[in-house]
Structure formats: C-alpha cells, structure tokens
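Analysis of the macromolecular model
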Amino acid sequence: MGSTARPTPRSLGIGHDSWRSGQFEVANQIANSSVPITLLDAPPGSGKSTIGITIPLLNNERGLVITPTKTLAHQYVKEAPGVVAEMQGQPNYLCVLPWHDAQEAENLGVEKGLAVSDAPCMVGFKCPVRNQCNYYIDLAKAGRSKIVATTYAYQLRSMGDINEADWIIADEGHFLTSHDSQAHKVELPVQSIEQLKTAYLHAKGMYDRIEEPTARKRVLARYIDNLQLGLTLLTEEPQLMDVPPINGLWTLQPTTTSFAQNVIASKKRLVIMSATIL
C-alpha cells in the first residue's frame, strides 16, 4: 500500500472508523522499516492490537499474532473479524468421528470427548469425516487468512508456518522468553540420564587408560564427544546433572531460547509488543 497512503482502519477490515493518536504512524514506520526485530513499548489503551494487525496489511503481507492466552488471541478476531482467523492447539478440539461414524469410532476405540491431539488422525489414520472436524476447518481457514491469531503454546510447540506469514507479532512480548523455554521443557526419568552419564564416565576412564594413540583410542574419543554432546544438549551444562530429581524425573528446561534467531533465519520480521518491555 506504500508509506504515503493513509487508509482508514475500516478500509483494512478493522472495526474502527478512525485511528487513535499515533497508531497509523507507528504501524506505517514499522511496516516500511528494514529492521528485522522491532520492540514496541506502548502503554495499555494505546491500541497495540490494532497496530499489530495493521503492520502486515499496509503492504498486503501476512501476519501471525501470538499471545500468552486464548482470550487475548480471540480479542484480535473481535478487532478484525473478517481479517483475523483464530487457531488453537489440538487439545482444544474434540474428535468428531464418534458423532459421524459410530462404527468406525468403535473399531478404533475412539470415544466421545477424545481430543484431536489423541485422535487416530494424528498417527496416520485417514479420517472419512476430516472435512467436518473443527480443527481441520480452522486450520484450513487460518491457511487462507491474512492474519492468524494463536497462542505462544501452540506456535512454539508446533513451530508450524500456519499461513506462510511475513510477520510474527508477539503480544505481551515480555512473556516470550519464558513461554519459549517452557515449550521446550522435557522431563526424563532419572535412569535415562544416569545411563548416559555412566556410559560417558566409563568411556572416559577407558580412554585415559590407553597410553598410545591407537585406532581404538581415536574411536573412543569420537564416542566420548558424542556422549558429551548428548549430555550438553540435555542439560545445557553438565553440572546441572547434580540437581536432585523430583518424583524420579529430571526436568530439563533451556535457560536461553533462540526464537528470535529462528524467525530471522526464516526471513520473517518480528515485532515484540508490550507495555513492560523496557
């Protein structure tokens, strides 16, 4: 649409006749900037959701809005119902097979109330009523939409490209790092990590006992490097192995995340919006 055009919100599909002070100017500046990551620190009531929707639309691009909650994601739909589609995670949808094909559902052991995340279609079953499933209906609608609103939890776990977005708009962006870390948290039984640690120590001891640079020592060195890499990837720092497990489980959760770097690598633009970033 270009930086000189000044459309009204309603002409973009947003449910307002006029802009609040500064809304269009901020959205236009971000939309036409070459900066890959923008931090937008704006107070409550300044209309960040309108700005977030406007940024991709000004140049006829696509946007993916991520929010901490489903309630906030739904507010984006209310803001521009003809433009923004909402997408939720699979646990929020029920498998519809029992209502449309009771015999097939019984054959597969699918009962009413089963979430799509646990449905047979998730493991390759070609569901005959997929076109009547709300999850797939919403997913198809999201794929056609200029703007999609979803939660951090859904996007960070799936890392899917729902609508081939040019922009990622992270609302309440001060939560982004914690949600990204939480999305990649893993709980492993003590035995799993103990076995890896034991194998590492055993191989290291064998390596240290071989004095000559033999082929076996070179093989052991590669084996040790792989084991050490595994320990590092699991715990980020091997000394975290000494943290006591809880209920027989070690919780492995990254303290740093790379969401922003992944966005840049995918040639997308990221806008982090919040009232409390700075």
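Residues numbered from 1 in each chain as written. Predicted model: local features only at pLDDT ≥ 70, side-chain atom pairs only at ≥ 80, totals over all residues. Heavy atoms only, no water.

Details of the overall build of the chain
- Helix and strand counts for the chain stand at 11 helices and 8 strands.
- Expressed as a percentage of its 278 residues, the buried residues of the chain come to 39%.
- Within the chain, contacts between residues at least 6 apart in sequence are counted, and of these 71% link residues at least 24 apart. (Helix = DSSP H or I, 4+ residues; strand = E, 2+ residues; numbered from the N terminus. Buried < 20%, exposed > 50% of the residue type's maximum accessible area, 1.4 Å probe, protein only. Contact = heavy atoms within 4.5 Å.)

Focus: empty space enclosed by the protein
- In total, this model carries 1 cavity of 30 Å³ or more according to the counting rule given.
- Its boundaries defined by the atoms lining it, the largest cavity holds a volume of some 80 Å³.
- Looking at the largest cavity, the residues that line it are C95, V96, L97, V116, A119, P120, C121, F125, C127, R130, C133 and Y136.
- For the lining of the largest cavity, a count of residues per class yields 11 nonpolar, no polar and 1 charged. (1 Å grid on protein atoms, 1.4 Å probe; cavity = no way out; pocket = protein on both sides within 12 Å on 5 of 7 lines; lining within 4 Å. Points joined across faces, edges and corners; volume = space filled by probe spheres on them. Nonpolar A, V, L, I, M, F, W, Y, C, P; charged D, E, K, R; others polar.)

Let's talk about the side chain of Q23
- Checked against the element boundaries, Q23 lands in helix α1 (residues 23–31).
- Looking at Q23, the relative accessible area reads 4%, which means it is buried.
- If we ignore the near neighbours within four places in the chain, the residues touching Q23 are S46, G47, T50 and I51.

Some details on the packing of α1 against helix α2 (residues 48–57)
- One can describe the packing of α1 onto α2 by two numbers: an axis separation of 9 Å at closest approach and a directional angle of 40°. When the interaxial angle is binned, α1 and α2 end up oblique. Note on packing geometry: the crossing formed by α1 with α2 is right-handed. Contacts between α1 and α2 involve Q23, V26, A27, I30 and A31 from the first element and T50, I51, T54 and I55 from the second.
- Considered class by class, the residues forming the contact of α1 with α2 number 6 nonpolar, 3 polar and no charged. (Axes fitted to C-alpha atoms, helices over the stretch in contact; angles between N-to-C directions. Parallel < 35°, antiparallel > 145°, perpendicular 65-115°, else oblique. Left-handed = near helix turned anticlockwise from the far one by under 90°.)

Describing the environment of W99
- Along the polypeptide, W99 turns up in helix α4 (residues 97–100).
- Residue classification places W99 among the partly exposed positions, given a relative accessible area of 47%.
- As for W99 and K112, which are separated by 13 residues in sequence, their C-alpha atoms are 7.7 Å apart.
- When sequence neighbours within four positions are dropped, the list of residues in contact with W99 reads L94, K112 and G113.

A short note on the side chain of E79
- Summarising the element assignment, E79 is placed in helix α3 (residues 70–79).
- Of the side chains with opposite charge, R20 comes closest to the buried, unpaired E79, at an N-O distance of 6.5 Å.
- A distance of 2.3 Å separates polar atoms of two side chains, one belonging to E79 and the other to T50.
- In contact with E79, other than residues within four places in its own chain, are I14, G15, H16, S49, T50 and I53. (Lys, Arg positive; Asp, Glu negative; His and termini not counted. Salt bridge = Lys/Arg side-chain N within 4 Å of Asp/Glu carboxyl O. Polar contact = N/O pair within 3.5 Å; in protein donor to acceptor, adjacent residues only side chain to side chain.)

Regarding α1
- All buried positions along α1 are accounted for by Q23, F24, A27, N28, I30 and A31. Take α1 and look down its axis: the buried residues cluster within an arc of 165°, on one side only.
- Buried residues in α1 make contact with β1 (37–41), α2, β5 (167–170) and β8 (269–274). (Arc of directions from axis to C-beta.)

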